[in-house]
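Per-entry structural report
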Amino acid sequence: MSDAGDDVQNAGYDGWLDAAESGEAYYLECPNGHGSLPPRRVCPDCGATDLERVGLPETGEVETYTVTHVPTPAFEDDAPYATAIADFGPVRITGQIVGIDPETVESGLEVELEVAVSQTTDDRILGFTPVSG
Amino acid sequence: MSEVRIAGTGLTPFGNVPERTGRDLFAQASAAAFEDSGVPRDDVEAVFYGNFMGELAEHQGHQGPLMAEAAGVRAPATRYESACASSGAAIRDAVVRIRNGETDVALVGGAERMTNLGTAGATEALAIAADDLWEVRAGMTFPGAYALMAQAYFSEYGGGREELAHVAVKNHENALTNEKAQYQSAITVEDVLEAPQVSSPLGLYDSCPISDGAAAIVLTSETYAEEHDLDAPVAITGSGQGGDRMALHDREYLARSPAAREAGEEAYADAGIDATDVDLAEVHDCFTIAEVLALEALDIEPIGEGISAARDGRTTADGETPINLSGGLKAKGHPVGATGASQIAEVATLLSGEHPNSEYVAEATTGVAHNAGGTVASATVHVLEEVGRP
């Protein structure tokens, strides 16, 4: 997207990416222990309004994945790339797996968050890298 | 409670006609529906119209009045947007309105113009049915989302690409006699397995095409049908709607569709039937895996067993419960906003004996239409029954 609104951020989301970049990714937890991702004013599971930022577990496990060969225009130069849903415990997160051959991604792969950059748009992307070792 | 009768149905051919406007497509479908129904346009009291990507494809919002005008109807008109379940949602509201006695005659339906966007543009437009911040910005496409569900299904319950290929083969086979279908060509399991990958494990033939088209239906109250001696033997006897969290990763199960189950249970209870009464169904097979998830949500197949239904012949034209005798979204095409209404039109004609594939379901009295939006954050299910002339 290129328009005058380019500099306008999405409050809650961009701040979360900033936090993830500084190694301080978090999720929102309600008094009943439900996790969710911002921006939120109520817990989507139970409607509780008292949401607290809690540090996201450092690693997650790939639960399902796909290698996309036909992307949207915003990812034209990135394809083929692997997208996965990783389970971080209190929340699941959808992200792009970077730093590994997409064809080698498997369920159960242990990953950590990495804010990557699109090769097409230079925009920030929520990414995962395999935990080494 | 007033019964809701299907007085007439109309479909455009589904396919690749990038130059045709949405209003022209809906004008054609609605003209066919009026002709089929014998209901004069002047009797229509409300228009319920489904459309998903009109702003992106045609730079056109506020499509309700535009489409009423295109149909030659002077009546209040509302556009429904519920991603790929847009016209299912439109029909459900029309059914509710007719049942509560507020409306006697409604024009319902939907249209979508997509192919003018090209493959990349249509892929981008379809992606807006997902959570923009937490899914689309990470690169998830619409086929990608169903691919994530397919992979999750394989891990949880087994099965693989070959079982899915049988769904595509079946639906192409069913579309051979459907002159409105986008693809009227037989394919083989090998064709499906060898086709280029779109988003693994889904390939080109696991995916429905990008389509232009429209569908329209004239619905009336039982009383109106009686008074006007309409030839309207099929009634909508059950209606249900379900909802779920927007993003796939926020659902309890990655390989199930609780919103569709909820919609199905509501529609079955409304009609006073259960899954064993269903003689045939049109389900939302935007991807081969989607048909599997739909069958399980509708209780036509047990959880974890739907993947073998097409391969083992349980859902083929001569099987126990034929699924997608029209060819489904897969072969008939998927002009998003038209799909839910087109499914109802197909079930109605299958039951009334006017469909080219009616011969496979000659004894059938009960059919189901299942319409899903996004990764099934929205779903509608309708039960249709052949009840005889009003």
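Note that the structure is a prediction, hence the values are computed from the model and not measured. (Residues numbered from 1 in each chain as written. Chains lettered and ligands numbered in written order. Predicted model: local features only at pLDDT ≥ 70, side-chain atom pairs only at ≥ 80, totals over all residues.)

Structural notes on the overall build of chain A
Where we set the bar: A run of DSSP states H or I qualifies as a helix once it reaches four residues; a run of E qualifies as a strand once it reaches two. Both are numbered from the N-terminal end. Values of the radius of gyration come from C-alpha atoms, whereas the globule rule sets the reference at 2.2 Å times the count of residues to the power 0.38. Note on burial: count the other C-beta atoms lying within 10 Å of the residue's C-beta; 20 or more is buried, 12 or fewer is exposed, in between is partly exposed, and C-beta positions come from the backbone. Note on contacts: each residue gets a C-beta atom placed from the backbone, and two residues are in contact if those atoms are within 7 Å.
When you go through chain A residue by residue, the secondary structure sums to one helix and eight strands. Its helices and strands taken in sequence order, chain A reads α-β-β-β-β-β-β-β-β from the N to the C terminus. Its C-alpha atoms give chain A a radius of gyration of 16 Å, near enough to 14 Å, the size a compact globule of 133 residues would have. The principal-axis extent of the C-alpha atoms belonging to chain A is close to 45 × 40 × 25 Å. Buried residues in chain A amount to 35% of all 133 residues. Nonlocal contacts in chain A, meaning residues at least 24 apart in sequence, comprise 47% of its contacts between residues at least 6 apart.

Here's the deal with unusual backbone geometry
Residue P80 of chain A is reached from A79 of chain A by a cis peptide bond, and omega for that bond is -5°. Look at the link from S200 of chain B to P201 of chain B: it is a cis peptide, with omega at 5°. Positionally, P201 of chain B belongs in the loop between β5 (197–199) and β6 (202–203). With phi around 55°, H59 of chain B is a residue other than glycine that occupies positive phi space. Along the chain, the position of H59 of chain B falls in the loop between α2 (54–58) and α3 (63–71). Although it is not a glycine, V376 of chain B sits at a positive phi angle of roughly 70°.

Let's talk about the interface of chain B and chain A
Rules: Gly is placed with the polar residues, together with every amino acid not listed as nonpolar (Ala, Val, Leu, Ile, Met, Phe, Trp, Tyr, Cys and Pro) or charged (Asp, Glu, Lys and Arg).
Taken residue by residue, the interface counts 29 residues in chain B and 28 residues in chain A. Elements with a minimum of two residues in the side of chain B that touches chain A: α5 (118–127), α6 (142–157) and β5 of chain B. With seven residues, the single largest contributor to the side of chain B that touches chain A is α6 of chain B. Its residues assigned to classes, the side of chain B that touches chain A shows 14 nonpolar, 10 polar and five charged.

Focus: the UniProt feature "domain: Thiolase C-terminal" (unreviewed entry) in chain B
Threshold: UniProt positions are given in the numbering used here, feature names are shortened, and annotations may be inferred rather than shown by experiment.
As recorded in UniProt, the feature "domain: Thiolase C-terminal" (unreviewed entry) lies at residues 240–385 of chain B. Secondary structure across residues 240–385 of chain B comprises 32% helix and 16% strand; the distance between its end C-alpha atoms is 15 Å.

Examining the sheet that holds strand β2 (residues 35–36) of chain A
Heads up, the condition is: Pairing between strands is defined by DSSP: at least two bridges between them are needed.
Across the sheet, which stays open at both edges, the three strands sit in the order β2-β1-β3 (chain A) with antiparallel pairing between neighbours. Each end of this open sheet is capped by a strand with a single partner; those strands are β2 and β3 (52–55) of chain A.

Considerations on the domain arrangement of chain A
All names here are of chain A. Stated formally: An automatic or database domain assignment supplies the residue ranges for each domain.
Under the domain assignment, chain A is made up of domain 1 (1–56) and domain 2 (57–133). Each of domain 1 and domain 2 has a C-alpha centre, and these two points are 19 Å apart. The interface of domain 1 with domain 2 comprises 10 residues on the first partner and eight residues on the second. Elements with a contribution of two residues or more to the side of domain 1 that touches domain 2: α1 (13–21), β1 (26–29) and β2. Considering every element that reaches the side of domain 1 that touches domain 2, the biggest residue donor is α1, with three residues. Residue composition of the side of domain 1 that touches domain 2, grouped by class: six nonpolar, two polar and two charged.

Some points on the UniProt feature "domain: ChsH2 C-terminal OB-fold" (unreviewed entry) in chain A
Residues annotated in UniProt with the feature "domain: ChsH2 C-terminal OB-fold" (unreviewed entry) correspond here to residues 56–114 of chain A. Overall, residues 56–114 of chain A shows 0% helix and 47% strand. The separation of its end C-alpha atoms is 13 Å.

Here's the deal with the packing of α6 of chain B against helix α11 (residues 288–297) of chain B
Residues and elements named next belong to chain B. What counts, and what does not: Here the axes come from fitting lines to C-alpha atoms, over the contacting stretch only for helices, and the angles between their N-to-C directions go from 0 to 180 degrees. Note on terminology: angles under 35 degrees are roughly parallel, angles over 145 are roughly antiparallel, angles of 65 to 115 are roughly perpendicular, and the others are oblique. It is the rotation of the near helix from the far one that decides the hand of a crossing: anticlockwise by less than a right angle makes it left-handed, clockwise makes it right-handed.
With their axes 9 Å apart at the nearest point, α6 and α11 run at an angle of 60° to one another. Comparing the axis directions of α6 and α11 gives the class oblique. Handedness of the crossing formed by α6 with α11: left-handed. Contacts between α6 and α11 involve Y146, M149, A150 and Y153 from the former and I289, A290, V292 and L293 from the latter. A class-by-class count of the residues in the contact of α6 with α11 yields eight nonpolar, no polar and no charged.

With respect to the UniProt feature "domain: Thiolase N-terminal" (unreviewed entry) in chain B
Summarizing the sequence annotation, UniProt attributes the feature "domain: Thiolase N-terminal" (unreviewed entry) to residues 5–222 of chain B in the numbering used throughout. As a span, residues 5–222 of chain B carries 42% helix and 17% strand, and end to end its C-alpha atoms are 6 Å apart.

Topic: the sheet that holds strand β1 (residues 4–11) of chain B
Residues and elements named next belong to chain B. Taken in spatial order, the nine strands make up an open sheet running β3-β2-β4-β7-β1-β8-β11-β10-β9, and their pairing is mixed. Looking along the sheet, the strands with just one partner apiece sit at the ends: β3 (77–80) and β9 (280–282). Going across the sheet, the axis of each strand differs from the next one's by a mean of 25°, ignoring polarity. Bridging between strand β10 (residues 366–373) and strand β11 (residues 378–386) involves eight bridges; their strand directions are antiparallel. From the neighbouring strand, G367 faces β11, where its bridge partner is L384. In the packing of helix α1 (residues 22–37) onto the sheet, contacts are made with β1, β4 (105–112) and β7 (213–221), and the angle to β1 comes to roughly 130°.

As for the pairing of β4 of chain B
Residues and elements named next belong to chain B. When you tally the buried positions in β4, you get eight out of eight residues, the bulk of the element. Every second residue of β4 is oriented toward a common face, with V105, L107, G109 and A111 on one face and A106, V108, G110 and E112 on the other, all of them buried. Pairing of strand β2 (residues 46–50) with β4 involves five bridges; the strand directions are parallel. From the neighbouring strand, V47 faces β4, where its bridge partner is L107.

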